[in-house]
Each structure stands twice: as C-alpha cells, then as structure tokens.
Amino acid sequence: MINRKHSRNRLSAMLYLLVAGLLLTTGCGKNKGDADAYGVCEATEITVSSESNGKMLDFDIQEGQSYEAGQILGCIDTFQTYLQIKQLESSINAVLARRPNAGSQMRVLEDKLATLNKEKQRVHNLIEANAASTKQLDDIQAEINITMSQIAATRSTLSTQDQSLLEEVEAMRFQLQQLQHALESCHIKAPITGTIINKYIEENELAYQGKPLFKIADLNNMYIKVYITEDKLASVKLNQKAIVRLDNKNGKPIKLEGQVSWISPKAEFTPKMIQTKEERVNLVYAVKVSFKNDGSAKIGMPGDVIFK
C-alpha cells in the first residue's frame, strides 16, 4: 500500500516536471521567433506607354512570361514616319546641291588678278626704260585694286550663302533626328528584365501617345516594405542583414535572406491596413528589405522581417 502511494507521487512529480519543461521550451521558442516588423512584398513595376501613334502591328506577349531588358516586344506602324524621313533626306540633298561653287568663281578673279600683276610688272619695266608713262601704271594699279575688292566681296558673299545653306541643313538634320527617334520608338522594348503582369492592348488595336501598353515587374529582385517604431530605429542600419519570412500552406514559414536597402528619413503615421486602431496614432518609419526571390514570393503577399 505504501509502495503504491510512493509510486503515484513519483509519477505526479515527473509529469509536473515534463509539463513545466514543455511550457518553458515553448515560451522560449516563441520569443525567439517573434518578428521585428510586418509588411507586404512588392517589386519594381514599370508601366510602358506608347510614344507613337499608329496601329499595333505586332504585339505577341503573354502575361506571366519573362523577357530580357531591351528585347523587342512589339511594333507600331512605321510607314508614315519612314516616308517623312525619306522626304526630309531629299530636301537636305536639294539644299546641299544649291551650295555655291566657291572654287570656280574665285579662280576666275584670282587668274585675272595674276594677269594684272604681270602686266603691272611689264609696265613698270617699260617705265624704267622710258617706253611707257606712269599713267599706264596707275591705270593697272587701279584695276588691280578693283579686282582685289571684287575677290573680297565675292568671298564674303559666297561664305554667307554657304553658311546660310549649312544652317538650313543643320535645322533639317535636327528634324531628321527627331523622326529617326520616332521611328525607333515605334519598336516596343522591355525596359528591364522582368515578367509581364498586365497587358493593356492587343494586335491591330490603335495605339496613341501616352496609352499604356503593358506593365512589367522584376520578380527576381523584390522587397518587403515594413514599418518600425522610433525605439527600434537606432538598431536598424542600411545594408543590415535580415530574414524575410513568408507564410506557407504547410504552416512552416519560408525564410529568405535579405538586407535593408532603404530607410525613410521622415516619420509617418502607421498605415491603417496593418495596425490596430489604438496603434494608428504611433509614428513609425518605413523600411525596405530587399531579397532575392526564389519563386516563393508574390506581389502583395504578407510577410514579416527579423533583423539580424
């Protein structure tokens, strides 16, 4: 009877110690796993709009498909822009054809001046031999002066005409660059390497300047935006390592390595969608924790962060 009573007491003591140990372990694990901040996953999203007007001739992209930066995704009708470029190139050639032939015009006057200088030397020799009068020399000198003035005036006129035509051509070339840029803009390219998340237009539909064509997002490099209170701000630094935890269907969170990429320089009130009514009056600081996505994270997925 006594042995049975002692056995029952020992069993009760062992059960008590086991329960206490489980409670202590559970409590410690809970404290260790508490998150420092909560938020939702986001990605860099770019909405690409049309820069040209015309029919969308080719736009075979699919939502959920990934594309490389610079890859051509579609093309807007370029025929009218191409014709404008050809017309402007013809106009430039026509203007250049009107440039004066300065060399031939100046050569005539320079040959005349050379002949007059020879005649002047001949008359000067005759005067020394008393075979000609000084009036003949004066007449030749006057004609030389007139010819030199004609050369200077012709050179100035030709230079002015040539400069005016070149400036006209330069203005046309600026217009040509604009048209070439417009032609290049008709080819729709992916601005970043990413995944198409929205497509707003189909082939053969009319595109116009400013009309959204598609939205692309970089789902490989994502971030979670969380909010921390002022008392935690001093312990969070740029480039600090962190663990991003995402919910999983199995109940075990997905853990991804991340680091702090941005800390807001000013405080704001806690966003209403993630805090209780009592906590909305608190001032917090927004923090972005960037991480490499292994395919687990989706835009808008909730998660939490543990700062290391």
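See the structure printed just above.
First things first, this report covers the structure right here in the doc. (Residues numbered from 1 in each chain as written. Predicted model: local features only at pLDDT ≥ 70, side-chain atom pairs only at ≥ 80, totals over all residues. Heavy atoms only, no water.)

### A closer look at helix α3 (residues 102–128)
Here is step 1: With 27 residues, α3 ought to run about 39 Å at 1.5 Å a step, and its terminal C-alpha atoms sit 39 Å apart, in line with that.
Here is step 2: When α3 is considered as a whole, its buried residues turn out to be Met106, Leu109, Leu113, Leu116, Val123 and Ile127.
Here is step 3: At its buried positions, α3 is contacted by α4 (134–185).
Here is step 4: Positive backbone phi, at 55°, marks asparagine 130, one or two positions downstream of α3. (Helix = DSSP H or I, 4+ residues; strand = E, 2+ residues; numbered from the N terminus. Expected span 1.5 Å × (residues − 1). Buried < 20%, exposed > 50% of the residue type's maximum accessible area, 1.4 Å probe, protein only. Contact = heavy atoms within 4.5 Å.)

### Some words on the packing of α3 against α4
Here is step 1: At their nearest, the axes of α3 and α4 sit 9 Å apart, and the two run at 165° to each other. Considered as vectors, α3 and α4 are oriented roughly antiparallel to each other. Note that α3 runs across α4; the crossing there is left-handed.
Here is step 2: Taken together, the residues that form the contact of α3 with α4 break down as 13 nonpolar, nine polar and six charged. (Axes fitted to C-alpha atoms, helices over the stretch in contact; angles between N-to-C directions. Parallel < 35°, antiparallel > 145°, perpendicular 65-115°, else oblique. Left-handed = near helix turned anticlockwise from the far one by under 90°. Nonpolar A, V, L, I, M, F, W, Y, C, P; charged D, E, K, R; others polar.)

### Examining the pattern of salt bridges
Here is step 1: As enumerated under the stated definition, the model contains 11 salt bridges in all.
Here is step 2: Across the pair glutamate 45 and lysine 215 runs a salt bridge whose closest N-O atoms are separated by 3.8 Å. On the criterion of sequence distance, the pair formed by glutamate 45 in strand β1 (residues 37–49) and lysine 215 in strand β8 (residues 212–229) is long-range, its members being 170 residues apart.
Here is step 3: Residue classification places glutamate 45 among the partly exposed residues on the basis of a relative accessible area of 36%. (Salt bridge = Lys/Arg side-chain N within 4 Å of Asp/Glu carboxyl O.)

### Considering the pairing of strand β10 (residues 254–263)
Here is step 1: Examined bridge by bridge, strand β9 (residues 241–246) and β10 share six bridges and lie antiparallel to one another. Along β10, the bridge assignment pairs arginine 245 with lysine 255.
Here is step 2: Bridge count for β10 against strand β12 (residues 283–292) is five bridges, and the pairing is antiparallel. Each residue of the ladder has a partner; that of isoleucine 263, found in β12, is valine 287. (Pairing = 2+ DSSP bridges.)

### Digging into the nonpolar core
Here is step 1: Counting residues in hydrophobic clusters, the biggest one holds 21 residues, and the most contacted among them are Val244, Val289, Phe291, Val305 and Phe307.
Here is step 2: Those elements that provide at least two residues to this core are β1, β8, β9, β10, β12 and β13 (302–307).
Here is step 3: It is β8 that provides the largest number of residues to this core, a total of five residues.
Here is step 4: Not counting the four nearest positions on each side in its chain, valine 289 is found in contact with Met222, Tyr223, Ile224, Ala242, Val244, Gly258, Gln259, Val260, Ser261, Val305 and Phe307.
Here is step 5: The next biggest cluster of nonpolar side chains, apart from the first, holds 16 residues, and it includes Phe59, Ile76, Ile196 and Phe214. (Core = buried A, V, L, I, M, F, W, Y, C linked by side-chain atoms within 4.5 Å.)

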